[in-house]
Amino acid sequence: MGAVIRNTIAMLGLLAGLMPLPGGLVGCGREGQVGEGQPVRPLRVLNQSEVQTLDPARISWQIDIRAADLLFDGLTQTHPRTLENIPCIAERWDLSEDGKTYTFHLRRDATWSNGDRVTAHDFAWSWQRVLDPETAADYVYLMYVIRNAQRYNEGRACSLEPLPRQAELKVKGKFVEAMPFDQVGIKAMDDYTLRVELVAALPYFLDLTSFITFKPVHRPTIEKFTIRQDGRVVDVDTDWYLQPGNLVCNGPYVLESWVQRQYMRYVKRAGYYDAEKIPSQRIEILPISDPSTAFKMYDQGEADIMPFPPLRRVSEALIRRAEQGRRDDVHVSLKFGTYFYRLNTQRKPFDDPRVRMAFSRAIDRELLTRRLCWLGEKPATSLVPPGVRGYESPTMAGFDPEAARKLLAEAGYPAGKGLPVVGIMFNKEASHQAIAESIKDMWSKYLGATVELLSLDRGSLRQKVQSLDYSAARAGWYGDYLDPITFLDMFMTAPEGGGGNNDTGFSNPEYDHLITEAMRESDAKRRNGLMRRAEEILVVEQLPIIPLYYYADMYLFRPEVKGFWPNQMGINPLRWAEVGMAGDSKQGDKEAGRQGAATQAKGTAGGRS
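The notes below deal with the structure included here. Treat the numbers as computed from the prediction; the structure is a model and nothing was measured.

1. Concerning the overall build of the protein chain
Part 1: Secondary structure summary: the protein chain contains 18 helices and 23 strands in total.
Part 2: Buried positions account for 60% of the 609 residues belonging to the protein chain.
Part 3: Summing over all exposed atoms, the protein chain offers an accessible surface of approximately 23600 Å²; the carbon and sulfur share of this is 49%.

Below, the structure is given as structure tokens:
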């Protein structure tokens, strides 16, 4: 993988003129009790909306990942300060000479929250669960880098289809014969040894083993809540994680209580193998979708970390005062992420690539970012953001209203005549509505389109998009690891005709072949060429998506918050964070020492908005 490009995070100075903070930040209510009845100050973190799921196999939103990371441990974990992958449940690993086989050696003191041991069998079973089509894992394709994983997944999915559909899929090159799992490159050699065989020597595999989809779940719990019909898994009762008493986890915290639309309260797990290095006894995650309310809570001391920006007026004032040295809790950085619109390629008018191109070319991204973005976001010219060493994205066609109208006329809609009403769906948070209104104006002005806006909560938007019940929909993607494939593989065709994180109905055999080959290619130059051609199909020729701009982010947290490091990848685990006293460097020193030891151990082994 290319060298990590680390952005300089602006560490800026304390604001005068906004609401004063309550003394000491300790009178905020809901204090926990630990030990000798001593009150413990919980770390309080704002989330932009309610968590949708805590099931690692089904998670795809960043807000869910942040909540679930406290509960589940993987083989490795990505350190947010260095972006290096360090040992976790795997205390060490070996890599074969050809770079295709990892042997992970698991620690023997890791347990589930009910006292059961964490074993290699837990990982093997959990990864098999992700690959089973009944699970409907959005990120199942991440496991296609494992030998025969794609064939196992597609074969099981296709074998559930009627015979005529199986024949159709077979013509398309899909695997329709179910393969036994013992032929997949995932094998528990014994209780504490897991062997993983890859399709190629991949530079980012340890990034995957740190990612939420690769974290294990407790098999007896899942099986207890599994719903079967005629011997087939049809669903999993979500009570296994919605009711905290049911949730058995292997991470540093347990979920003590979850009051929907109010808070999720975590308490440090006494039996965790590394408990002494987990600083916060309690953590609370607060789902506040309105940025004004969220900022008020933060500024009044009712929350310690706000990992998203307030409204524009407030954000600009914060940045301005920080630049004047009057605030030291404002942290701004560019991100490895892209804001874009999905288009439903199965619905008119976006079933025609000429129309999709016309709508893309009718957007003035320079004007959009200048008027509506304020953190240093850059107009997008591709899906994959810049910053991956050795890879250069193709440049998509830019703003050109005349060319857009010509394309529309060629598609049978001269001056917009005959165009069906185009709806733009977006979730209620942040500035999505302002962006949609601006794009609506451009599409109306330059194309003669009639555009309707629909604001939904995040969960409803997800359901609409996944069922292709939309025309255009707001989307965003932060790379899960610093490699182009993390953006490009989500637009592959699923056996069902579009699934996972595709959600556009887009299906292109050449694109699928290129991404599949890139996943199997060990030569970096050839691999980059395959991915570049795939991205060319995506953003130059077919456009099932319209990239708008590359993300930048603002985080708000005060100097007394230790162990929380914003970074380019948006990896912000809370497990090492705590609320200390201003000027206290204890946690930073402690973490620096731990990271030094972890880096030494790593040397024996070879890292949705």
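2. Considering helix H17 (residues 524-542)
Part 1: Spanning 19 residues, H17 covers 26 Å between terminal C-alpha atoms, matching the ideal 27 Å at 1.5 Å per step.
Part 2: Along H17, the sharpest kink reaches roughly 30°, centred on Glu 536.
Part 3: Along H17, the residues classified as buried are Arg 527, Asn 528, Leu 530, Met 531, Ala 534, Glu 535, Ile 537, Leu 538 and Val 539.
Part 4: Packed against the buried residues of H17 are helix H15 (485-488), helix H16 (509-520) and strand S21 (545-557).
Part 5: Of the residues one or two after H17, Leu 543 is the one with positive phi, at around 50°.

3. Notes on the side chain of Lys 562
Part 1: Assignment of secondary structure puts Lys 562 in strand S22 (residues 561-562).
Part 2: Overall, the relative accessible area of 13% leaves Lys 562 in the buried class.
Part 3: There is a polar contact of 2.8 Å between the side chain of Lys 562 and the backbone oxygen of Pro 559.

4. A short note on the side chain of Arg 269
Part 1: Assignment of secondary structure puts Arg 269 in the loop between strand S13 (263-268) and strand S14 (282-287).
Part 2: Put simply, Arg 269 is tucked away with no salt bridge, and the nearest opposite charge, on Asp 73, sits 6.1 Å away.
Part 3: Among the polar contacts listed, one links the side chain of Arg 269 to the backbone oxygen of Gly 251, at a separation of 2.9 Å.
Part 4: Setting aside residues up to four positions removed in sequence, Arg 269 forms contacts with Thr 111, Trp 112, Ser 113, Cys 249, Asn 250, Gly 251, Pro 252, Tyr 253, Val 254 and Ala 275.

5. Topic: the pairing of strand S3 (residues 43-47)
Part 1: Of all 5 residues in S3, 5 are buried, a share of seventy percent or more.
Part 2: Neither face of S3 is exposed, since Leu 43, Val 45 and Asn 47 on one face and Arg 44 and Leu 46 on the opposite face are all buried.
Part 3: Here 5 bridges tie S3 to S14, and the two strands are oriented parallel to one another. For Leu 43, the partnering residue across the bridge sits in S14 and is Ile 283.

6. Description of the pattern of salt bridges
Part 1: Within the structure shown, the criterion is met by 28 salt bridges.
Part 2: A salt bridge links Arg 327 to Asp 329; the shortest N-O distance between them is 2.5 Å.
Part 3: For Arg 327, a relative accessible area of 2% gives the class buried.
Part 4: You can call Asp 329 buried: its relative accessible area is 1%.
Part 5: Between Lys 464 and Asp 469 there is a salt bridge, with its nearest N and O atoms 3.0 Å apart.

7. Section: helix H2 (residues 120-131)
Part 1: In this model H2 runs 17 Å from its N-terminal to its C-terminal C-alpha over 12 residues, within 8% of the 16 Å that 1.5 Å per residue would give.
Part 2: Across the 12 residues of H2, 10 count as buried, placing the element largely inside the fold.
Part 3: Among the residues of H2, those classed as buried are Ala 120, Asp 122, Phe 123, Ala 124, Trp 125, Ser 126, Trp 127, Arg 129, Val 130 and Leu 131.
Part 4: Structurally, the start of H2 carries an N-cap: the backbone nitrogen of His 121 is 3.2 Å from a side-chain oxygen of Thr 119.

8. So, the packing of aromatic side chains
Part 1: Applying the stated criterion across every chain yields a total of 24 aromatic pairs.
Part 2: Centre to centre, the rings of Tyr 102 and Phe 205 are 5.2 Å apart; their planes meet at 40°, and the pair counts as tilted. Separated by 103 residues along the polypeptide, Tyr 102 in strand S7 (residues 101-106) and Phe 205 in helix H5 (residues 205-209) bring together distant segments of the chain.
Part 3: Here the aromatic cluster, defined as three or more aromatic residues joined through ring pairs, consists of Trp 93, Tyr 102, Phe 104 and Phe 205.
Part 4: The ring of Tyr 298 is capped by Arg 558, whose NZ or CZ atom sits 4.0 Å from the centre of that ring.

9. Some words on the environment of Pro 353
Part 1: Within the secondary structure, Pro 353 sits in helix H10 (residues 353-361).
Part 2: For Pro 353 and Pro 544, which are 191 residues apart along the polypeptide, the C-alpha to C-alpha distance reads 7.8 Å.
Part 3: When residues no more than four places from it in sequence are discounted, the contact partners of Pro 353 are Glu 541 and Gln 542.

10. Overview of the nonpolar core
A general feature of soluble globular proteins is that nonpolar side chains tend to end up buried together.
Part 1: In terms of nonpolar packing, the biggest core is built from 158 residues, with Leu 54, Phe 104, Ile 146, Leu 194, Phe 359 and Trp 443 touching the most fellow members.
Part 2: Excluding anything up to four places from it in sequence, Leu 54 contacts Ile 59, Ala 67, Ala 68, Leu 71, Phe 72, Trp 240, Tyr 241, Leu 247, Leu 255, Trp 258 and Met 264.
Part 3: Judged by nonpolar contacts, the second largest core, of 22 residues, contains Leu 46, Met 297, Ala 303 and Met 554.

11. Quick look at the sheet that holds strand S8 (residues 186-190)
Part 1: Spatial ordering of the open sheet is given by S6-S7-S9-S8, a layout of 4 strands whose pairing is antiparallel. The sheet is open, and its two borders are formed by strand S6 (90-95) and S8, each paired with just one other strand. The mean angle between the axes of side-by-side strands here comes to 20°, regardless of whether they run parallel or antiparallel.
Part 2: Pairing geometry for S7 and strand S9 (residues 193-197), over 5 bridges, is antiparallel. Residue pairing across strands places Phe 104 opposite Leu 194, the latter belonging to S9.
Part 3: Where H2 meets the sheet, it contacts S7, S8 and S9, and its direction lies at approximately 165° from that of S8.

12. Regarding the environment of Pro 544
Part 1: With respect to the helices and strands, the residue Pro 544 is situated in the loop between H17 and S21.
Part 2: Residues Pro 544 and Thr 504 lie 40 residues apart in sequence; the distance between their C-alpha atoms is 6.4 Å.
Part 3: When neighbours within four sequence positions are excluded, Pro 544 is seen to be in contact with Tyr 341, Arg 342, Leu 343, Thr 345, Arg 356, Thr 504, Phe 506 and Leu 538.

Conventions we followed
Residues numbered from 1 in each chain as written. Predicted model: local features only at pLDDT ≥ 70, side-chain atom pairs only at ≥ 80, totals over all residues. Heavy atoms only, no water. Helix = DSSP H or I, 4+ residues; strand = E, 2+ residues; numbered from the N terminus. Buried < 20%, exposed > 50% of the residue type's maximum accessible area, 1.4 Å probe, protein only. Areas by Shrake-Rupley, 256 points an atom, 1.4 Å probe, with all protein chains shown as cover. Expected span 1.5 Å × (residues − 1). Bend = angle between axes of the 7 residues up to and from the residue. Contact = heavy atoms within 4.5 Å. Polar contact = N/O pair within 3.5 Å; in protein donor to acceptor, adjacent residues only side chain to side chain. Lys, Arg positive; Asp, Glu negative; His and termini not counted. Salt bridge = Lys/Arg side-chain N within 4 Å of Asp/Glu carboxyl O. Pairing = 2+ DSSP bridges. Phe/Tyr/Trp six-rings, centres within 6.5 Å; stacked < 30°, edge-to-face > 60°. Lys NZ or Arg CZ within 6 Å of the ring centre and 35° of its normal. Core = buried A, V, L, I, M, F, W, Y, C linked by side-chain atoms within 4.5 Å. Axes fitted to C-alpha atoms, helices over the stretch in contact; angles between N-to-C directions.

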